Amino acid sequence: MPRPPRIEFREVRKTFATRSGEQVEALGGVSFEASQNEFVTIVGASGCGKSTLLKLVAGVIAPSAGEILLDGRQVVGPQPDLGMVFQSPVLLRWKNVLDNVLFPAVILGLDRHEAHERALALLRLVGLQGFERKYPRELSGGMQQRVAICRALLFRPSILLMDEPFGALDAMTREELSVELLRIWQEEVKTVLFVTHSIPEAVLLGHRVVVITRRPGRVAAVVPVELPSPRDLAMATRPDFQACVAAIRRQIDARPAEDLP
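Notes on the structure in this doc start here. (Residues numbered from 1 in each chain as written. Predicted model: local features only at pLDDT ≥ 70, side-chain atom pairs only at ≥ 80, totals over all residues. Heavy atoms only, no water.)

1. Observations regarding the sheet that holds strand E2 (residues 23–35)
So, step 1. Spatial ordering of the open sheet is given by E2-E1-E4-E5, a layout of four strands whose pairing is antiparallel. If you trace the sheet from one side to the other, it starts and ends with E2 and strand E5 (73–74), each paired once.
So, step 2. Sitting on the sheet, helix H1 (residues 50–58) touches strand E1 (5–17), E2 and strand E4 (65–70), and the angle it makes with E1 is about 115 degrees. (Pairing = 2+ DSSP bridges. Helix = DSSP H or I, 4+ residues; strand = E, 2+ residues; numbered from the N terminus. Contact = heavy atoms within 4.5 Å. Axes fitted to C-alpha atoms, helices over the stretch in contact; angles between N-to-C directions.)

2. Looking at the pattern of salt bridges
Any two side chains of opposite charge can pair, on the condition that their charged atoms come close.
So, step 1. Summed over the entire model, instances satisfying the criterion amount to 13 salt bridges.
So, step 2. One salt bridge connects Glu8 with Arg10, and the closest N-O pair in it is separated by 3.3 Å.
So, step 3. We note a salt bridge from Arg156 to Glu114, for which the minimum N-O separation is 3.9 Å. Linking Arg156 in the loop between helix H4 (141–153) and strand E7 (159–163) with Glu114 in helix H3 (residues 112–125), this pair joins segments that are 42 residues apart in sequence.
So, step 4. Taking the relative accessible area as the measure of exposure, Arg156 reaches 47% and is therefore partly exposed.
So, step 5. Looking at Glu114, the relative accessible area reads 49%, which means it is partly exposed. (Salt bridge = Lys/Arg side-chain N within 4 Å of Asp/Glu carboxyl O. Buried < 20%, exposed > 50% of the residue type's maximum accessible area, 1.4 Å probe, protein only.)

3. Some details on the nonpolar core
So, step 1. Of all hydrophobic cores here, the largest spans 54 residues; its most connected members are Val43, Met162, Phe194, Val203, Val209 and Ile248.
So, step 2. If you tally residues by element for this core, the top one is H4, at seven residues.
So, step 3. Filtering out sequence-adjacent residues up to four positions away, Val203 remains in contact with Val209, Val225, Leu227, Arg231, Phe241, Cys244, Val245 and Ile248.
So, step 4. Counting 25 residues, the second largest nonpolar core, distinct from the first, contains Val12, Leu53, Ala58 and Ile159. (Core = buried A, V, L, I, M, F, W, Y, C linked by side-chain atoms within 4.5 Å.)

Following this line, the structure appears as structure tokens:
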């Protein structure tokens, strides 16, 4: 029996106005959905509107046309049940690791004791036990991003939005955190929308990969990833993994039919 969708995009369009008054169409009619507890990755060329999709789900910007639904209800403003992780960890440099993770508890007025125990448990989950009193400047980039993930998970959101969270990291750290994220997802299962430029990363992480065309962004394909779990980096050598990567790359490189002579 199919799982009900948590997130639905229905013919979503988004146009931005430049300073000169020019209208730029970022998204040109996007439709797809993410089911309960599904890990959906979104991949496409720079400027195709991937990050815009996450902002629309979060309700921080509104669509120009179409609609976004969460649990069947239209998104009309900021959503409380969402955690978000950005490419930059955006940590408060004057706060230590534990206080950075606890920051949402202050903003949302959560029970201090419960939030403290939850923060410590999350730091153990991501391998940062013993670093609670360290400051961001004392951490590597990968460690800082782990702190950002803990902060996003603190208030137990059921949906996690991740906007190229490993994009600024070196290749080895990026691979390490990709596998770590899969482990965290297995411990704390959530519906995830994960934006990336990396096709192999999208295939490794996703149950399905949404391929977005060049601007204005449209859905070129939704590619199922039928790899066994648990997944690891060794899967990149599998023929089915490589075939999936190649199929997605062909979709990204293809020109939209309306652009063909």
